[in-house]
Amino acid sequence: MSFIKERLNRVKLDPPRVLALGFGSLILIGAILLNLPIATQGGKSIGFINALFTSASAVCVTGLVVVNTGEFWSLFGQIVIILLIQIGGLGFMTMATIGALIIGKKITLKERLIIKEQLNQETMSGLVKLTKYAVLSTFAIEGIGAILLSTRFIPTYGLKKGIWFSIFHSISAFCNAGFDITGNSIVPFVGDFIINMTISGLIILGGLGFSVYIDISRNKSFKKLHLHSKLVLTITVILLVVGMIIFLLIEFNNPYTIGNLNTGEKIISSFFQSVVPRTAGFNSVNIGGLLDTTVFFMIILMFIGGSPGSTAGGIKTTTFGTLILTTVGVIRGNKDVVAYRKRIADEVINRSLAIATVGMTLIIIVSFILTVTEPADFLDVLFETTSAFATVGLTRGITPNLTNFGKLLITLTMYAGRVGPLTMAFAFAKKAKVSNFRYSEGNILVG
């Protein structure tokens, strides 16, 4: 009994493990609710594996689905899904903290450590304030987004349905989830400027990270921003612009995507498709009709993802930026890795390398297994796996046809991607013993 008690205490005191188990518990609760007959329009249970897959996709703000969300799920099911998206996007500890503050409960040190891990912060200073800011800014941005979307959805679907569609898609977009209830994502509105720009704006804001909002609000000038915010904004803009240009050039004459659109619609849809791989699974064109070159490029964008402390997934923009800057520094023979006249610590470089390596390894292993178990092309499998890991939700159409084993594997991939590959490793790997000595240095040849 003492051994069991000791193990339970260790679980409680280990923030990465609590975070991982917390998301897992939320997924399980969601699966139970979605497995109820009342959750479907037909009044029949979808089956636990499919319910688990959908719940994981919602909690992990991914957007991969085995059934059409708008046509299959009842209002109860859709409400469960959007609540899972909201809680999963903000993080269960964020929501729990707000609940505790409302009832006047004091936030303990243990809980602050978990919040620190969840929001990806370096220190515990101002965590409760940041949590409040995250929730209030989220609801404010989602509210504005819903109002803008309602100007298009209400005339199209009527008052009641239009309001529900506006709220659902605003939350789904800001949380970078990609779930839709239109039946065909944003394809029916491919040329609609308001809908495309509103959803794009929500996705971008959701993918920046709450600490960036605070930094911008305090320091109005770009020069005064912290290095983290500068890197996030710079890399985000570069990826969005480059992504739009490459998508437009490659798909310009493709009749299965944007080839038949006018010039304005081509630009709008190209920008939109440059935004969504960062990590929200909406689409305004047929993803299955993309050229292989575009598919491979989108895999790269999905792998990079959004920014730390946000609702987005992937290895994160700052991780990608750190690796690029490190590579450039090595090529130039620089001793230090520098960005905006600030030196990047070796610990950050090592962590970035570990995140990218673990993420890439997971994608390779899962893709390799799925090529054996699933009757699909390799590029489609790689696209699906990367989409799951980066919690994007884009698919080439193979999700509904996955075997039960494939669905479980993708579910685990979404879970690992949302919690974070390094957090997962910290949570469940055996802790290394602290050594009082260091081995002598050896030399190896590389490159």
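See the structure shown above.
Predicted model, so just to flag it, every value in this text is computed and none were measured.

Caption draft 1: Focus on the environment of T357. For T357, the position within the fold is in helix α16 (residues 346-373). Judged by relative accessible area, which is 42%, T357 ranks as partly exposed.

Caption draft 2: Focus on the packing of helix α12 (residues 227-251) against helix α15 (residues 317-332). Two elements in contact, α12 and α15, have axes whose closest approach is 9 Å; the angle formed by their N-to-C orientations is 90 degrees. It follows from the interaxial angle that α12 and α15 lie roughly perpendicular. Residues H228, L231, V232, I235, T236 and L239 of α12 form the contact with α15, whose participating residues are T317, T318, F320, G321 and L325.

Caption draft 3: A look at the nonpolar core. By size, the foremost hydrophobic cluster in this structure holds 89 residues, and its most contacted members are I85, I199 and F282. Residues in contact with I199, not counting those within four places in the same chain, are L149, A173, I186, F272 and F282. Counting residues in each nonpolar core, the second largest holds ten residues, with F297, V337, I344 and I349 among its members.

Caption draft 4: The arrangement of α16 in detail. Given a rise of 1.5 Å per residue, 28 residues ought to cover 40 Å, and the 41 Å separating the end C-alpha atoms of α16 matches this to within 8%. Looking only at α16, the buried set comprises I349, S352, I355, A356, G359, I363, V366, S367 and L370.

Caption draft 5: Focus on the side chain of T317. Turning to its location among the elements, T317 is positioned in helix α15. At a separation of 2.8 Å, a polar atom in the side chain of T317 contacts the side chain of S307. Not counting the four nearest positions on each side in its chain, T317 is found in contact with V232, I235, T236, L239, R278, I304, G305, G306, S307 and P308.

Caption draft 6: Representation of the pattern of salt bridges in the model. Counting across every chain of the model gives two salt bridges. For R152, the salt bridge identified is with D192, shortest N-O distance 3.0 Å. A residue pair is termed long-range when its members are at least 10 positions apart, and R152 in helix α8 (residues 127-157) and D192 in the loop between α9 (159-174) and α10 (193-206) qualify at 40 residues. Owing to a relative accessible area of 17%, D192 belongs among the buried residues under this scheme. Residue D380 is joined to R396 by a salt bridge in which the shortest nitrogen-to-oxygen separation is 2.8 Å. Taken as a pair, D380 in helix α17 (residues 378-389) and R396 in the loop between α17 and α18 (404-419) lie far apart in primary sequence, 16 residues in all.

Rules used in this analysis
Residues numbered from 1 in each chain as written. Predicted model: local features only at pLDDT ≥ 70, side-chain atom pairs only at ≥ 80, totals over all residues. Heavy atoms only, no water. Helix = DSSP H or I, 4+ residues; strand = E, 2+ residues; numbered from the N terminus. Buried < 20%, exposed > 50% of the residue type's maximum accessible area, 1.4 Å probe, protein only. Axes fitted to C-alpha atoms, helices over the stretch in contact; angles between N-to-C directions. Parallel < 35°, antiparallel > 145°, perpendicular 65-115°, else oblique. Contact = heavy atoms within 4.5 Å. Core = buried A, V, L, I, M, F, W, Y, C linked by side-chain atoms within 4.5 Å. Expected span 1.5 Å × (residues − 1). Polar contact = N/O pair within 3.5 Å; in protein donor to acceptor, adjacent residues only side chain to side chain. Salt bridge = Lys/Arg side-chain N within 4 Å of Asp/Glu carboxyl O.

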